[in-house]
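Coordinates in review
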Amino acid sequence: QVRLVESGGGLVQPGGSLRLSCEAHGSIFSVDNMAWYRQAPGKERELVAHITGDSKTNYADFVKGRFTISRDNAKGTVYLQMNNLKPEDTAVYYCAAQKGDYDPTLWDYWGQGTQVTVSS
């Protein structure tokens, strides 16, 4: 019912910035919570940030002060503003969406992923 389409990834130098977007197509009003995950080569998928239906946000320690998650419910889009990027931020970034109460173990929808590469 909901399809997530990501954009904004690319190649940047250390210290640079990117803004990722994830647009929801379909019945976006059924979506309450949204999140960004990432997975680097040889590593497990990890939660970067999430935002609830009432706009409460949470961040992983390794991105606090650098990344900001936000949403535009009318537009059906969630954003991840990434500043002061580091090489260790290199990963495929995925957006996820969930309806109902927040459950970090169960996401209803996933985006296709967008590659972020931070390198000199």
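The structure presented is a predicted model; accordingly, all values stated were derived computationally and were not measured.

Thoughts on the pattern of salt bridges
With the rule as written, the count across this model stands at 4 salt bridges. D89 is the partner of R38 in a salt bridge, and the nearest nitrogen-oxygen pair spans 2.9 Å. Of this pair, R38 sits in strand β4 (residues 33-39) while D89 sits in the loop between β8 (77-82) and β9 (91-98), placing them 51 residues apart in sequence. You'll find R38 and D89 in the same group, each marked buried.

A closer look at unusual backbone geometry
Although it is not a glycine, S55 adopts a positive phi angle of roughly 70°. When its relative accessible area of 46% is taken as the criterion, S55 is described as partly exposed. Of note, the phi angle at N84 is positive, near 50°, even though the residue is not glycine. Since its relative accessible area comes to 41%, N84 is described here as partly exposed.

Reading the values: the criteria
Residues numbered from 1 in each chain as written. Predicted model: local features only at pLDDT ≥ 70, side-chain atom pairs only at ≥ 80, totals over all residues. Heavy atoms only, no water. Salt bridge = Lys/Arg side-chain N within 4 Å of Asp/Glu carboxyl O. Helix = DSSP H or I, 4+ residues; strand = E, 2+ residues; numbered from the N terminus. Buried < 20%, exposed > 50% of the residue type's maximum accessible area, 1.4 Å probe, protein only.

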